[in-house]
Amino acid sequence: MGHRVGRLLRGYWAYICSAPGTHIWLLILFATTVALRHVSPHAEHRILEHRSTNLHALGTDPIRVLITSAFYIAGGGWFFYFVLYNIFQAPAERWLGTARWLLVVVIAHVGATYLSEGVLYWAIKHGHAPERARFTLDYGVSYALAGVEAVLVYLLVRPWRYLYLVGLLLFYGIAMLRARDFTSVGHFSAVLLGLACYPLTRARPGSFDPLDLLSAGFRARLRARLPARFRPRRPAGP
C-alpha cells in the first residue's frame, strides 16, 4: 500500500513539474481565493478595486494592474479553474514549453484587456455607457484561459481541430452576441489572439488525437466508419 501511494505521489509530482507555470499559477489563485474569503465584503471590494484593469487603472498604473489582475478569480470558484487549468493550461504548457505558453498567456490577457476596455471607452465617449464605467471592476484569468484554449487548436489532429475550432468560436461568439458587454468582447478577442499565436506553435513537435483516449479496438472501429477524407491525420512535420 505504501509503495503504491509513494508511486502515485512521485507520478503526480512529475506531472506538476511537466507544467510548473500552470501549477504555480493555481497555487497563487488558491492563496488569493482563500485570503478574500477571510475579509469583509468592503475590504474584498477595495482589494479587487486596486487590482482591476479598468480604464482608470490602465491610464494610471497599467503594468501593476495587468499583472495583479491575473492572480484573482472572477467567479466559478478555485476548483472549477483547477479542472480547467488541467484540461487546457497544463497540456498547452507541456506542448509549447513554459516560455512560449507564458507568451500566449500574456498576449491573450493583455491584448484582450486593452481591446475590451477600448470598446468600453468608445461606448462611454458615444453615450452608450455611463462615465462611472471607467471604474468598473475587471479582473480574473478568463482572457488568458480563452487564449490558451484557442492555441490548442493547432495541437489537435484533423478533423478534430476543425470541430474544436468551430465549437470554440460558437461558444464565445454566441456569448458575445447575447451579452453585448466589454467582458464578452474580451473573451472573443482572446480567442482570436490565441489563434494568432500560430507562429509560436510551428516549431513544436507533437499532436493529439482525442481517439487515443479510447480503447484500441473501439478506436479502430470508429476510424473505419469515417470517410477517408475525414480520418484523423497527424501533421507530417513539426
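Quantities reported herein were computed from a predicted structural model and do not represent experimental measurements.

Thresholds applied
Residues numbered from 1 in each chain as written. Predicted model: local features only at pLDDT ≥ 70, side-chain atom pairs only at ≥ 80, totals over all residues. Heavy atoms only, no water. Helix = DSSP H or I, 4+ residues; strand = E, 2+ residues; numbered from the N terminus. Core = buried A, V, L, I, M, F, W, Y, C linked by side-chain atoms within 4.5 Å. Buried < 20%, exposed > 50% of the residue type's maximum accessible area, 1.4 Å probe, protein only. Contact = heavy atoms within 4.5 Å. pLDDT = per-residue confidence, 0-100. Axes fitted to C-alpha atoms, helices over the stretch in contact; angles between N-to-C directions. Parallel < 35°, antiparallel > 145°, perpendicular 65-115°, else oblique. Left-handed = near helix turned anticlockwise from the far one by under 90°. Nonpolar A, V, L, I, M, F, W, Y, C, P; charged D, E, K, R; others polar. Phe/Tyr/Trp six-rings, centres within 6.5 Å; stacked < 30°, edge-to-face > 60°. Patch = residues over 30% accessible without salt bridge, like charges linked within 9 Å, V, L, I, M, F, W, Y side chains within 5 Å. Areas by Shrake-Rupley, 256 points an atom, 1.4 Å probe, with all protein chains shown as cover. Salt bridge = Lys/Arg side-chain N within 4 Å of Asp/Glu carboxyl O.

Undergrad: Is there a simple way to explain the overall build of the protein in this structure?
TA: A count of helical and extended segments in the protein gives 11 helices and 0 strands. Beginning at the N terminus, the succession of helices and strands in the protein can be written as α-α-α-α-α-α-α-α-α-α-α.

Undergrad: Is there a simple way to think about the nonpolar core in this case?
TA: Where a protein is soluble and globular, its nonpolar side chains tend to be buried together. In terms of nonpolar packing, the biggest core is built from 37 residues, with W25, Y85, W101, V104 and V191 touching the most fellow members. Breaking this core down by element, the ones donating at least two residues are helix 2 (20-37), helix 6 (78-96), helix 7 (98-125), helix 8 (142-151), helix 9 (160-179) and helix 10 (182-195). If near-sequence neighbours (up to four positions away) are discounted, Y85 is found in contact with T22, W25, L26, L29, A90, P91, V141 and L145. If you look at the next biggest cluster of nonpolar residues, it comprises 7 residues, including L55, L120, A123 and F182.

Undergrad: It is not clear to me how the confidence of the model for the protein should be interpreted in this structure. Could you clarify?
TA: For residues with low pLDDT, the predicted coordinates do not support detailed interpretation. Here the protein shows a mean pLDDT of 87. Residues at 70 or above account for 88%. Of all secondary-structure elements in the protein, the lowest mean pLDDT belongs to helix 11 (residues 216-225), at 56, while helix 8 reaches the highest, 97.

Undergrad: Can you help me understand the packing of helix 7 against helix 8 in this one?
TA: Two numbers describe how helix 7 lies on helix 8: the axes approach to 8 Å, and their chain directions differ by 125°. Relative to helix 8, helix 7 is oriented oblique. Crossing angle aside, the handedness with which helix 7 passes helix 8 is right-handed. Contacts between helix 7 and helix 8 pair W101, V104, V105, A108, H109, A112, T113 and S116 from the former with Y143, A144, G147, V148 and V151 from the latter. The residue inventory of the contact of helix 7 with helix 8, partitioned by class, reads 9 nonpolar, 4 polar and no charged.

Undergrad: Can you help me understand the environment of H56 in this one?
TA: For H56, the position within the fold is in helix 4 (residues 55-60). When the C-alpha positions of H56 and A133 are compared, they lie 9.4 Å apart, and in sequence the two are 77 residues distant. Apart from residues lying up to four places away in sequence, H56 is in contact with R134 and F135.

Undergrad: Would you mind showing me how to read the packing of aromatic side chains here?
TA: For any pair of aromatic rings, geometry is given as the distance between the ring centres together with the angle between the planes. Taken as a whole and assessed by the stated rule, the structure comprises 9 aromatic pairs. A centroid spacing of 5.2 Å and a plane angle of 70° characterise the contact between W25 and Y85, whose relative ring orientation is edge-to-face. One end of the pair, W25, is in helix 2; the other, Y85, is in helix 6, and 60 residues separate them in sequence. Among the residues examined, Y85 registers a relative accessible area of 0% and is labelled buried.

Undergrad: How should I be thinking about the packing of helix 2 against helix 6 in this particular structure?
TA: If you want to describe how two helices pack, look at the angle between their axes and the distance between the axes. Packing of helix 2 against helix 6 leaves a shortest axis separation of 9 Å and a crossing angle of 165°. Taken together, the axes of helix 2 and helix 6 lie roughly antiparallel to each other. Judged by the sense of rotation from one axis to the other, the crossing of helix 2 with helix 6 is right-handed. Taken together, the residues of helix 6 that come into contact with helix 2 (itself represented by P20, G21, T22, H23, W25, L26, L29, F30 and T33) are W78, Y81, F82, Y85, N86, Q89, A90 and E93. Classifying every residue of the contact of helix 2 with helix 6 by side-chain character gives 10 nonpolar, 6 polar and 1 charged.

Undergrad: I tried to follow unusual backbone geometry on my own but got confused; where do I start?
TA: Leaving glycine aside, a negative phi is the common case for residues, and trans is the common case for peptide bonds. Going from R158 to P159, the amide bond is cis rather than trans, its omega being 5°. Although it is not a glycine, R180 sits at a positive phi angle of roughly 55°. Tracing the backbone shows R180 in the loop between helix 9 and helix 10. You can call R180 exposed: its relative accessible area is 74%.

Undergrad: What is the right way to look at the side chain of T22 in this model?
TA: Along the chain, the position of T22 falls in helix 2. Discounting residues that sit within four places of it in the chain, T22 has contacts with Y85, Q89, A90, E93 and W101.

Undergrad: Would you mind going over a nonpolar patch on the surface with me for this structure?
TA: Side chains of F79, V83 and I87 sit close together on the surface and give an oily, nonpolar patch of about 290 Å² of accessible area. As for its placement among the helices and strands, V83 is situated in helix 6.

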